[in-house]
Amino acid sequence: MQASLDKRFAHGLQFTAAYTFSKSFDEASSFEGILNPIDPRRSRSLSAFDARHRIVFSYYWELPFHKFNGGAGKVINGWALSGITTFQTGFPIRIISSADNELMYSFDFELPGEPLQLASFPHQ
């Protein structure tokens with residue numbers, strides 16, 4: 001969902017506010033981030049880049065200087081202040097373990113362990 005509001009005032013003052021609500025799921029935000037290549041559905045979770053709420057404010061103000069002509073006008077006229085301020089919720093944290101309790105490491109890249117495992121692999 002996206003919503004925005006623009007407001008222009010007299011004397012060169014204007015504001016824009018925008019709000020975005022989003023949610024992103026995936027099975028791995030990168031190739032090395034796959035938790036379970038045998039059953040990828042178990043790895044489905046929030047994306048590493050998921051930012052649920054985002055608010056952006058932008059503002060612009062033409063400074064109210066007296067208008068000058070000639071060389072002074074080329075230097076002094078047309079100055080303005082502007083900026084963009086962004087607020088957003090943080091990215092999700094994925095808890096991983098480098099223990100190989102489920103015996104799923106590979107020779108070309110290492111898969112992180114699954115955090116839901118409470119006990120180590122039983123030895124017989």
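Cut-offs used in this document
- Residues numbered from 1 in each chain as written.
- Predicted model: local features only at pLDDT ≥ 70, side-chain atom pairs only at ≥ 80, totals over all residues.
- Heavy atoms only, no water.
- Helix = DSSP H or I, 4+ residues; strand = E, 2+ residues; numbered from the N terminus.
- Buried < 20%, exposed > 50% of the residue type's maximum accessible area, 1.4 Å probe, protein only.
- Contact = heavy atoms within 4.5 Å.
- Areas by Shrake-Rupley, 256 points an atom, 1.4 Å probe, with all protein chains shown as cover.
- pLDDT = per-residue confidence, 0-100.
- Pairing = 2+ DSSP bridges.
- Axes fitted to C-alpha atoms, helices over the stretch in contact; angles between N-to-C directions.
- Patch = residues over 30% accessible without salt bridge, like charges linked within 9 Å, V, L, I, M, F, W, Y side chains within 5 Å.
- Salt bridge = Lys/Arg side-chain N within 4 Å of Asp/Glu carboxyl O.
- Polar contact = N/O pair within 3.5 Å; in protein donor to acceptor, adjacent residues only side chain to side chain.

(A) Spatial organisation of the overall build of the protein chain. Secondary structure assignment for the protein chain yields one helix and six strands. Scanning the protein chain from its N terminus toward the C terminus, one meets helices and strands in the order β-β-β-β-β-α-β. Relative to its full complement of 124 residues, the protein chain shows a buried share of 14%. Taking contacts inside the protein chain between residues at least 6 apart in sequence as the whole, the part at least 24 apart equals 52%. Carbon and sulfur atoms make up 62% of the accessible area of the protein chain, which totals about 9800 Å².

(B) How the structure looks around the environment of Ser47. Turning to its location among the elements, Ser47 is positioned in the loop between β4 (45-46) and β5 (53-62). Sequence spacing of Ser47 and Ser24 is 23 residues, and the spatial spacing of their C-alpha atoms is 5.5 Å.

(C) Up close: the confidence of the model for the protein chain. In this model, the protein chain carries a mean pLDDT of 76, and residues with pLDDT of at least 70 account for 66%. Model confidence for the protein chain, summarised as mean pLDDT per element, is weakest for β4 at 76 and strongest for strand β2 (residues 13-21) at 95.

(D) Quick peek at the sheet that holds strand β6 (residues 80-88). Sheet architecture is open: four strands sit in the order β1-β2-β5-β6, paired in antiparallel fashion. Edge positions in the sheet fall to β1 (2-8) and β6, since each has one partner strand and no second. For this sheet, the mean angle separating the axes of adjacent strands, direction not counted, is 10 degrees.

(E) Broad picture of a nonpolar patch on the surface. Among the surface-exposed residues, Phe9, Phe15, Ile55, Phe57, Tyr59 and Phe87 lie close enough to one another that they form a single nonpolar patch of about 560 Å² accessible area. No other element matches β5, which puts three residues into the nonpolar patch. Positionally, Phe57 belongs in strand β5.

(F) Seen up close, the pairing of β5. Bridging between β2 and β5 involves nine bridges; their strand directions are antiparallel. Across the sheet, Tyr19 pairs through a bridge with Ile55, a residue of β5.

(G) Inspection of the environment of Arg54 at higher detail. For Arg54, the position within the fold is in strand β5. Exposure remark for Arg54: the relative accessible area of 34% places this residue in the partly exposed category. Beyond its immediate stretch of four places on either side in the chain, Arg54 contacts Ala18, Tyr19, Thr20, Thr86, Phe87 and Gln88. For Arg54, the side chain forms a polar contact with the side chain of Gln88, separated by 2.3 Å.

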